[in-house]
Amino acid sequence: METAPPLPFIDARLHLVRPGFTLDVDLHLPGRGVTALFGPSGCGKTTCLRGIAGLTRNHPNPSLARARPGRVVVNGEVWQDDAAHLWRATHERALGYVFQEASLFDHLNVRGNIAYGLQRTPPARRQVALEQAVELLGIGHLMERKPQALSGGERQRVAIARALATSPRLLLMDEPLAALDAQRKAEVLPYLETLHRALDIPVLYVSHAIDEVARLASHMVLLREGRVLAQGPTGELITRLDLPLAHGDAAATVIDSTVQQHDAHDHITTVGFSGGQLLLVSPTAHAPGEALRLRVQARDVSLALAAPEDSSILNILPATVVALAEDSPGQCMVALDAGATRLLARVTQRSAQALSLAPGRAVFAQIKGIAIVN
Ligand SMILES: Nc1ncnc2c1ncn2[C@@H]1O[C@H](COP(=O)(O)OP(=O)(O)OP(=O)(O)O)[C@@H](O)[C@H]1O
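Residues numbered from 1 in each chain as written. Predicted model: local features only at pLDDT ≥ 70, side-chain atom pairs only at ≥ 80, totals over all residues. Heavy atoms only, no water.

- If you check an unreviewed UniProt entry, the protein chain appears there as Molybdenum ABC transporter ATP-binding protein from Acidovorax kalamii.

Structure follows, in structure tokens:
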């Protein structure tokens with residue numbers, strides 16, 4: 001019997017000691033898809049990316065730096081192994097780095113900027129053609145322009161295309177959308193979504209914005225004061241009641257679903273997911289079979305003990321209460337399982353008592369079709 005090839009992975013053990021700040025992390029990440037590094041300002045997200053890129057390191061002799069030996073392995077390539085005295089400099093690590101502000105060469109046009117990235121990659125390692133990077137980021141019409149003649153969103157798309165053109169084995173993105181206004185963000189986000197599906201290049205993505213993370217990242221690392229608070233699949237981490245993300249007004253669930261049908265007449269898309277079917281309002285048509293990642297805020301989910309009839313609410317899902325926690329005075333967060341999907345509902349403590357909510361209790365979760373975002 002043939003055995004399946006091992007799943008690709010990224011391991012990064014970094015212990016970087018600075019005056020007033022220590023980063024001490026052990027990351028075990030999938031070698032595919034987008035992993036978000038998330039946490040408050042100053043928790044060490046950028047330091048983490050810089051460590052993986054080889055832009056920052058302890059004294060090469062770990063005993064002098066009083067740090068645990070570092071190790072960085074990306075899909076089978078060892079970039080750093082302090083214990084074995086192995087260190088690849090940044091230019092020897094096949095990585096692309098995209099920063100908050102696109103740092104393009106002003107004297108080169110867009111074509112020249114992207115070609116610069118391409119030329120630095122040995123022909124044997126080139127996997128992404130310039131044309132492919134240009135097409136993925138939708139910048140074909142901008143090729144002859146100089147960076148000064150680009151909008152913020154366009155500059156960022158060129159910077160991403162330039163990073164991709166180097167055929168990186170890992171793409172590091174440090175708040176690539178943070179400098180953009182909401183409209184520009186909405187312009188660039190769809191390109192980020194498609195690029196990791198089109199190219200099998202893992203992405204480490206630093207962001208402050210949980211909605212961005214929920215939309216893009218399948219996996220996440222929560223950092224606090226230089227340490228890992230938790231790491232795992234996004235849907236799991238954002239619904240764990242022992243972690244801060246599952247509390248407060250922004251608490252939400254992600255639901256990975258597949259389009260079943262789209263009714264163009266009333267703009268309703270029907271999707272299937274592990275907990276059944278959902279109907280959502282969608283102004284754009286979706287083809288059957290298309291994968292949709294949906295987001296539902298905990299405050300938009302209400303609970304009932306019996307399935308209501310004649311309700312305007314489109315989605316009524318059987319679910320089981322898994323856990324409850326006090327959220328804020330008078331409010332409580334309820335974790336529920338609908339099939340294999342974890343949902344969150346934020347209800348008043350009065351309602352929780354009235355419905356005798358407790359682990360194991362069977363309920364119906366009600367979600368308005370207009371409250372589901374994709
Ligand atoms: N070269 C350095 N020397 C000393 N301290 C540093 C250095 N670079 C960063 N720091 C400190 O390390 C800590 C982590 O910084 P880092 O930029 O990694 O955080 P961050 O989570 O990316 O923050 P933000 O979200 O604000 O960008 C901060 O306290 C910062 O002041």
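Additional details are given in the paragraphs that follow.
## A few points about the nonpolar core
Right, so step 1: Judged by nonpolar contacts, the single largest core of 52 residues is most densely connected at Ile114, Ile139, Ile160, Leu164, Leu171, Leu192 and Met220.
Right, so step 2: Top contributing element to this core by residue count: helix α5 (residues 152-164), with 6 residues.
Right, so step 3: Setting aside anything within four residues of it in sequence, one finds isoleucine 160 in contact with Val98, Leu137, Met173, Val188, Leu192 and Leu195. (Core = buried A, V, L, I, M, F, W, Y, C linked by side-chain atoms within 4.5 Å. Buried < 20%, exposed > 50% of the residue type's maximum accessible area, 1.4 Å probe, protein only. Helix = DSSP H or I, 4+ residues; strand = E, 2+ residues; numbered from the N terminus. Contact = heavy atoms within 4.5 Å.)

## Thoughts on unusual backbone geometry
Right, so step 1: Non-glycine residue glutamate 175 carries a positive phi angle of around 45°.
Right, so step 2: Among the residues examined, glutamate 175 registers a relative accessible area of 13% and is labelled buried.
Right, so step 3: Although it is not a glycine, glutamate 225 sits at a positive phi angle of roughly 45°.
Right, so step 4: Glutamate 225 gets classed as exposed once you look at its relative accessible area, which sits at 70%.

## What about the UniProt feature "domain: Mop" (unreviewed entry) in the protein chain?
Right, so step 1: As annotated in UniProt, the feature "domain: Mop" (unreviewed entry) corresponds to residues 310-374 in the numbering used here.
Right, so step 2: Structurally, residues 310-374 is divided into 9% helix and 58% strand, and its ends, taken at the C-alpha atoms, are 26 Å apart. (UniProt positions renumbered as here; feature names shortened; annotations may be inferred.)

## Observations regarding the sheet that holds strand β20 (residues 362-367)
Right, so step 1: Taking strand neighbours across the sheet as the criterion, the 5 strands line up as β16-β20-β17-β18-β19 in an open arrangement whose pairing is antiparallel. Two strands close off the open sheet at either side, each with one partner strand: β16 (301-304) and β19 (341-348). Within the sheet, the average angular offset between the axes of one strand and its neighbour, ignoring direction, is 45°.
Right, so step 2: Pairing of strand β17 (residues 315-328) with β20, which is carried by 6 bridges, proceeds in the antiparallel orientation. (Pairing = 2+ DSSP bridges. Axes fitted to C-alpha atoms, helices over the stretch in contact; angles between N-to-C directions.)

## Re the environment of isoleucine 238
Right, so step 1: Here isoleucine 238 lies in the loop between α8 (234-237) and β12 (252-263).
Right, so step 2: Owing to a relative accessible area of 3%, isoleucine 238 belongs among the buried residues under this scheme.
Right, so step 3: Along the primary structure isoleucine 238 and isoleucine 316 are separated by 78 residues, whereas in three dimensions their C-alpha atoms are 22 Å apart.
Right, so step 4: For isoleucine 238, the residues in contact, after removing those within four places along its chain, are Ile210, Met220, Leu245, Ala246, Ala252, Thr253, Val254 and Leu344.

## Digging into the sheet that holds strand β21 (residues 372-373)
Right, so step 1: As summarised here, the arrangement of the 5 strands in space is β14-β13-β12-β15-β21, forming an open sheet in which the pairing is antiparallel. Across the chains shown, the open sheet's two edge strands, defined by having one partner strand only, are β14 (276-281) and β21.
Right, so step 2: The pairing of strand β15 (residues 291-297) with β21 spans 2 bridges and is classified as antiparallel. Paired with arginine 295 across the bridge in β21 is valine 373.

## Let's talk about the packing of helix α3 (residues 110-119) against α5
To describe two helices that pack against each other, one gives the angle between their axes and the distance between the axes.
Right, so step 1: One can describe the packing of α3 onto α5 by two numbers: an axis separation of 7 Å at closest approach and a directional angle of 30°. Judged by the angle between their axes, α3 and α5 are roughly parallel. Judged by the sense of rotation from one axis to the other, the crossing of α3 with α5 is right-handed. Across from Val110, Asn113, Ile114 and Gly117 in α3, the residues of α5 making contact are Val158, Ala161 and Arg162.
Right, so step 2: Counted by class, the contact of α3 with α5 contains 4 nonpolar, 2 polar and 1 charged residues. (Parallel < 35°, antiparallel > 145°, perpendicular 65-115°, else oblique. Left-handed = near helix turned anticlockwise from the far one by under 90°. Nonpolar A, V, L, I, M, F, W, Y, C, P; charged D, E, K, R; others polar.)

## Topic: the pattern of salt bridges
Right, so step 1: The full count for this structure, using the stated rule, is 18 salt bridges.
Right, so step 2: The salt bridge partner of arginine 111 is glutamate 144, with a shortest N-O separation of 2.8 Å. Taken together, the residues span a long stretch of sequence, with arginine 111 in helix α3 and glutamate 144 in the loop between α4 (130-136) and α5 at a distance of 33 residues.
Right, so step 3: By relative accessible area, arginine 111 is classed as partly exposed at 39%.
Right, so step 4: A relative accessible area of 54% means that glutamate 144 is categorised as exposed.
Right, so step 5: For the salt bridge of arginine 342 with aspartate 337, the shortest nitrogen-to-oxygen distance reads 2.7 Å.
Right, so step 6: Here arginine 342 falls in the partly exposed class, since its relative accessible area comes to 31%.
Right, so step 7: Assessed through its relative accessible area of 24%, aspartate 337 is described here as partly exposed.
Right, so step 8: What you see here is one network of salt bridges that share partners, running through Asp24, Asp26, Arg68 and Arg227. (Salt bridge = Lys/Arg side-chain N within 4 Å of Asp/Glu carboxyl O.)

## Some remarks on the domain arrangement of the protein chain
Right, so step 1: Domain boundaries in the protein chain define domain 1 (9-246) and domain 2 (252-373).
Right, so step 2: A C-alpha centroid distance of 33 Å is found between domain 1 and domain 2.
Right, so step 3: On the side of domain 2, 13 residues touch domain 1, which itself brings 12 residues to the contact.
Right, so step 4: Roughly 920 Å² of surface becomes buried between domain 1 and domain 2 when both sides are summed, with 64% attributable to carbon and sulfur atoms.
Right, so step 5: Counting the surface domain 1 buries against domain 2, the share from its top three residues, Ala214, Thr239 and Leu241, is 51%. (Domains from an automatic or database assignment. Buried area = accessible area lost by both parts, 1.4 Å probe.)

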